[in-house]
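A look at the structure
One letter stands for each residue in the lines below.
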Amino acid sequence: MKKIFQISLFLLLSLTTQAQDKKAKTLLDEVTAKVKSYANIVIDFKYTLNNSKENINQESKGNVTIKDNLYVLNIMGVTKMFDGKKNYTINPEDEEITITKFDEKDDTSISPNKMLTFFNSGYKYSWDILQNVKGRKIQYIKLIPNNTKDSRKEILLGIDIQTKHIYNLIETGKNGTKTTLTVNSFKTDQPLSKNQFTFVQAKYPKYYINKLD
């Protein structure tokens, strides 16, 4: 009788987990569809990095403009840009610009152009907790990288149930480092300059150009 009960309990838990995983997939699909419906997205965010063992506690604010796979990211005084072919890192403090080719095989990091849809491949996902944040219902989805060599242990993706927009992203590394990106404002279909994602070297006459590829 005890064995039958254990088997029944296992089957019930399995069915419950499958149902929750299906709910997670449905919600992630809704987020992806919403993102793809916009011509562009402009986000202001807060970024924190913590590692208690190393006594690291950093916080900064930034903003990113995204259109398709193009982006311009501003954070900690540095501008990062992707024009569809190359990545540009503009550092005013050092008066240096680093230029690299796009590596489509790099799936171990969440770049700005992948931030809103990165979860569509390479992860196992599960339904997690629901939180009330200033009147907003934020549903969390837990993501575990399929690649065992990935330096990240898990990612918690907070999604606003009403808008289907990402509210925050909490990334925990295997070394104990936790990074959190929290969206302060999420604007869509904004009027953008034609040269929004174009790197113009003439704007930086005194900068050292470091081409790594």
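Okay, so let's go over this structure. (Residues numbered from 1 in each chain as written. Predicted model: local features only at pLDDT ≥ 70, side-chain atom pairs only at ≥ 80, totals over all residues. Heavy atoms only, no water.)

**A short note on the overall build of the chain**
- In terms of regular secondary structure, the chain is built from one helix and 12 strands.
- Shown N-terminal to C-terminal, the secondary structure of the chain runs as helices and strands in the order α-β-β-β-β-β-β-β-β-β-β-β-β.
- Considering the chain as a whole, with its 213 residues, one finds that 38% of them fall into the buried category.
- Across the chain, every contact between residues at least 6 apart in sequence was considered, and the portion connecting residues at least 24 apart equals 48%.
- For the chain, the exposed surface amounts to about 13800 Å²; the carbon and sulfur share of it is 51%. (Helix = DSSP H or I, 4+ residues; strand = E, 2+ residues; numbered from the N terminus. Buried < 20%, exposed > 50% of the residue type's maximum accessible area, 1.4 Å probe, protein only. Contact = heavy atoms within 4.5 Å. Areas by Shrake-Rupley, 256 points an atom, 1.4 Å probe, with all protein chains shown as cover.)

**Describing the nonpolar core**
- If you look at the biggest cluster of nonpolar residues, it comprises 30 residues, and the most contacted ones within it are Ile43, Leu116, Phe118, Phe119, Leu143 and Leu157.
- Of the residues forming this core, the biggest block, five residues, is contributed by helix H1 (residues 2–36).
- Beyond its immediate chain neighbours, meaning those up to four positions away, phenylalanine 119 contacts Leu28, Val31, Thr32, Leu143, Leu157 and Ile166.
- Tyr88, Phe199, Tyr207 and Ile209 belong to the second largest nonpolar core, which has 11 residues in total. (Core = buried A, V, L, I, M, F, W, Y, C linked by side-chain atoms within 4.5 Å.)

**Here we look at the environment of lysine 101**
- Inspection of the secondary structure assignment puts lysine 101 in strand S6 (residues 96–101).
- For lysine 101, a relative accessible area of 54% translates into the label exposed.
- A sequence separation of 16 residues divides lysine 101 from lysine 85, and the C-alpha atoms of the two residues are 6.4 Å apart.
- In this structure, lysine 101 is in contact with Lys85, Asn87 and Asp213, ignoring residues within four places of it in sequence.

**Remarks on a positive patch on the surface**
- Taken together, the side chains of Lys85, Lys86, Lys101 and Lys211 make up a positively charged region of the molecular surface.
- Along the chain, lysine 211 turns up in strand S12 (residues 208–211).
- A relative accessible area of 57% places lysine 211 in the exposed class. (Patch = residues over 30% accessible without salt bridge, like charges linked within 9 Å, V, L, I, M, F, W, Y side chains within 5 Å. Salt bridge = Lys/Arg side-chain N within 4 Å of Asp/Glu carboxyl O. Lys, Arg positive; Asp, Glu negative; His and termini not counted. Charge placed at Lys NZ, Arg CZ, Asp CG, Glu CD.)

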